[in-house]
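# Chains, contacts and geometry: an overview
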Amino acid sequence: MPLGAGVTELNRTNCVPLMLSAFQSNSVVKALIFMPGATDEIYFFHRVRAMLSGANPSLTDAVIALTNQTYIQAEFRPPFLLLHTTEDPLDPIAIVKSQTAAATLRARTVPDRLVFSDTEWDDLRTALRGKAGIWLRPFSNTPDSWHFYRHTFVACGLTQWELLEAIAFSGKTTFTLHRLTADYQLDTRPGSTPDLSTYKGPKLQ
């Protein structure tokens, strides 16, 4: 998965768009997900600056550079590659109230390539209308989602159930699956602040 010729550095302006664009469909990793801790490092704290070597770096090179030179970590939770920090919970909470709905969603595949970059909940719901296989709640224009994190991920070939999980990972939410709806709530479990003494990357500007 080539990142692009001539890319020598990942930073807050190019990191996310380059990596989302480079991701390609494959049988092992179906989604690359930036969890809120990772996007906070990039956009809020401005602590992401990772140098790349070689004339034609790959997406793998980018992941290695981030994990070696920033506070961002990588975790493979099949079928997701999660980019996260110690602030992010890696065991999403999904409560199933309808086993029939869960079985149906696990059997259906979302055919499209999905790309979301810093996407708010209402825009995510609109983009996934007719693709998620179920109504997503909170509904649009309601205060219940005002404190949700924005979503950043790219996915190919997910099942509809995996899509619900990807939404939870990228938005730091939990969800409860009913017969007709998946109801999302903010995941309030506390994480831990990255150890700032472990930074080994280039000087931040």
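Heads up: the structure comes first, above all this text.
First, a word on what this report is: a plain description of the structure on this page. (Residues numbered from 1 in each chain as written. Predicted model: local features only at pLDDT ≥ 70, side-chain atom pairs only at ≥ 80, totals over all residues. Heavy atoms only, no water.)

Glancing now at the pairing of strand 9 (residues 151–156). When you tally the buried positions in strand 9, you get 6 out of 6 residues, the bulk of the element. Across the two faces of strand 9 the burial is the same, with His151, Phe153 and Ala155 and Thr152, Val154 and Cys156 all buried. For strand 2 (residues 31–34) and strand 9, the ladder comprises 4 bridges, and the chain directions are antiparallel. Bridged to Leu32 within strand 9 is Val154. Sheet analysis places strand 7 (residues 113–119) next to strand 9, joined by 5 bridges and oriented antiparallel. Bridged to Leu114 within strand 9 is Ala155. (Buried < 20%, exposed > 50% of the residue type's maximum accessible area, 1.4 Å probe, protein only. Helix = DSSP H or I, 4+ residues; strand = E, 2+ residues; numbered from the N terminus. Pairing = 2+ DSSP bridges.)

Okay, the packing of aromatic side chains next. In this structure the tally under the stated criterion is 7 aromatic pairs. Taking 5.2 Å as the distance between ring centres and 35° as the angle between the ring planes, the aromatic pair formed by Phe175 and Tyr184 counts as tilted. Assigned by exposure class, Phe175 and Tyr184 land together as buried. Over the ring of Phe45 we find Arg47; its NZ or CZ atom is 4.2 Å from the centre of that ring. Taking the ring centre of Trp161 as reference, the NZ or CZ of Arg106 above it sits at 4.2 Å. (Phe/Tyr/Trp six-rings, centres within 6.5 Å; stacked < 30°, edge-to-face > 60°. Lys NZ or Arg CZ within 6 Å of the ring centre and 35° of its normal.)

Bringing the sheet that holds strand 4 (residues 73–77) into the picture now. Overall, mixed pairing links the 5 strands, which are arranged 4-5-2-9-7 in an open sheet. If you trace the sheet from one side to the other, it starts and ends with strand 4 and strand 7, each paired once. Neighbour-to-neighbour, the strand axes of the sheet open up by a mean angle of 15°, direction not taken into account. This element, helix 2 (residues 36–44), spans strand 2, strand 5 (80–84) and strand 9 of the sheet and lies at about 60° to strand 2. (Axes fitted to C-alpha atoms, helices over the stretch in contact; angles between N-to-C directions. Contact = heavy atoms within 4.5 Å.)

Here we take up empty space enclosed by the protein. All told, the structure shown has 1 cavity of 30 Å³ or more when counted by the stated rule. A volume near 40 Å³ is recorded for the largest cavity. Taken together, Met35, Pro89, Pro92, Ala168, Phe169, Lys172, Thr173, Asp187 and Arg189 make up the lining of the largest cavity. Residue classes in the lining of the largest cavity are distributed as 5 nonpolar, 1 polar and 3 charged. (1 Å grid on protein atoms, 1.4 Å probe; cavity = no way out; pocket = protein on both sides within 12 Å on 5 of 7 lines; lining within 4 Å. Points joined across faces, edges and corners; volume = space filled by probe spheres on them. Nonpolar A, V, L, I, M, F, W, Y, C, P; charged D, E, K, R; others polar.)

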